[in-house]
Amino acid sequence: MSSALTDLFPHPIVQAPMAGGPAVPPLAAAVSDAGGLGFLAAGYKTADGMYQEIKQLRGLTGRPFGVNVFMPQPESAETGAVDLYAHQLAGEPGWYETELGDPASGRDDGYDAKLAVLLEDPVPVVSFHFGVPAREVVDSLHRVGTFVLATATTTEEALAVDRSGADAVIAQGVEAGGHQGTHRDLPEQNGAGIGLLSLVAQIREAVALPIIATGGIMRGSQIAAVLAAGARAAQLGTAFLVTPESGAHDLHKQALTDPVFPRTELTRAFSGRPARGLVNRFMREHGPYAPAAYPEVHHLTAPLRKAAAKAKDAQGMALWAGQGHRMARELPAGQLVEVLLAELDVARAALTAGFAAGGDER
């Protein structure tokens, strides 16, 4: 990673930009102030909503931070499937005393308007999810002094990130909570995700770009593992989800370590795109027949998810979580960064001692 980018965050810890509420300015500020790289999530916000959060974050910290943007999605051919899914969800609105949302509420998530804001009032880092921006977009961000990152879940996607001119690739393993950042949503590839360590190794051999590894990382020893595998930093989401600075719903935070929710699965039930969350009633009942139609399904179920949260019913919420969710620790975000760094130092020392002992035995 270029020294200029490395200098932005002296410690190899990036806070994942969790869209939908958790990645709020206080969380990003706490992580950045602790020497990591805090992130805001522009996904599901208007361009002005994103701008207001950037202003708030700048008032909380003078340290560098990032903003994550969702790529526009291609037109879906699943209109009939979305209508059928709405029919299959017919019992949910009555249960939560609400209505289904409009699946035609928009496909681009305000992409052009958000780019205009980020070019007019640049931030240190911008990352992209669900695809790769055009080369001219990357070049325009570079011209205003912004570093560009993009997610990849396969070697082929990492090659696309490399061709875009981005500064680094975020390697997202299948263990990661929330949405998989696949560039194309192919139903035939359901469940075919690659584990993080294998993915980092494959991407390292395919491209020369610096790698930020993400997916199921909850301890400093795991950060040491991905650094040893060739990553330059680790991106953690679920680990920061339970911090007091996180904007996640209290039920979501509690569910991560609740024995009622012992495991996670990838599902399309809430959004129409594969996303990893805690298995609950909604996922069990509707996941098997949810269509590959994002963001139509996201818009369709949005009122249900909000109503479930208002009713304090975790069984109807999208409880995004990585595979390491049971290892979550309720610590302030800055303190969590310190603990992770201490664990990282211990892991590195143990590795060094192991090598030394092996040498002595020979």
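Residues numbered from 1 in each chain as written. Predicted model: local features only at pLDDT ≥ 70, side-chain atom pairs only at ≥ 80, totals over all residues. Heavy atoms only, no water.

**Q** Before we go on, may I ask you to explain the pairing of strand 11 (residues 275-278) in this structure?
**A** Within a regular strand, side chains alternate between the sheet's two faces. Pairing analysis gives 2 bridges linking strand 7 (residues 178-179) to strand 11, with the strands arranged antiparallel. Looking across to strand 11, one finds that H179 is bridged to A275. In terms of strand pairing, strand 10 (residues 264-267) meets strand 11 through 4 bridges, oriented antiparallel. When the sheet's bridge partners are listed, L266 is paired in strand 11 with R276. (Pairing = 2+ DSSP bridges. Helix = DSSP H or I, 4+ residues; strand = E, 2+ residues; numbered from the N terminus.)

**Q** It is not clear to me how the packing of aromatic side chains should be interpreted in this structure. Could you clarify?
**A** In this structure the tally under the stated criterion is 7 aromatic pairs. Here Y44 and F70 contribute two aromatic rings whose centre-to-centre distance is 5.3 Å and whose plane-to-plane angle is 85 degrees, an arrangement assigned as edge-to-face. Here F70 lies in strand 3 (residues 65-70) and Y44 lies in the loop between strand 2 (38-41) and helix 3 (47-60), a separation of 26 residues in the sequence. Classification of F70 by relative accessible area gives buried; the value is 7%. Relative to Y289, the ring of Y85 lies with its centre 5.9 Å away and its plane at 70 degrees, an arrangement referred to as edge-to-face. (Phe/Tyr/Trp six-rings, centres within 6.5 Å; stacked < 30°, edge-to-face > 60°. Buried < 20%, exposed > 50% of the residue type's maximum accessible area, 1.4 Å probe, protein only.)

**Q** Please clarify how the environment of P303 should be interpreted in this entry.
**A** Relative to the helices and strands, P303 is located in helix 14 (residues 296-310). Among the residues examined, P303 registers a relative accessible area of 22% and is labelled partly exposed. In sequence terms P303 and R273 are 30 residues apart; their C-alpha atoms lie 18 Å from each other. Residue contacts for P303: discarding those within four places in its chain leaves T98, E99, L100 and G101. (Contact = heavy atoms within 4.5 Å.)

**Q** Help me understand the environment of L300 in this model?
**A** Within the secondary structure, L300 sits in helix 14. For L300, the contacting residues outside a window of four places in its chain are V82, Y85, A86, L89, L100, G101 and P103.

**Q** Would you mind showing me how to read the nonpolar core here?
**A** The tendency in soluble globular proteins is for nonpolar side chains to be buried side by side. Ranked by size, the top nonpolar core spans 103 residues in total, and within it V67, F128, I203, I223, L236 and F240 carry the most contacts. Beyond its immediate chain neighbours, meaning those up to four positions away, F240 contacts I13, Q15, M18, L27, V31, S246, A333, L336 and V337. Core analysis: the second largest hydrophobic core is formed by 13 residues, L8, A168, I170 and I212 among them. (Core = buried A, V, L, I, M, F, W, Y, C linked by side-chain atoms within 4.5 Å.)

**Q** What is the right way to read helix 8 (residues 155-164) from this model?
**A** Given 3.6 residues to a turn, an α-helix orients residues that are three or four positions apart in the same direction. Where helix 8 is concerned, the buried positions are T155, E157, A158, A160, V161 and S164. Summarising the contacts, the buried residues of helix 8 are in contact with helix 7 (135-143), strand 5 (147-152), strand 6 (168-172) and helix 9 (196-206). Looking at the residues trailing helix 8, positive phi occurs at G165, about 90 degrees.

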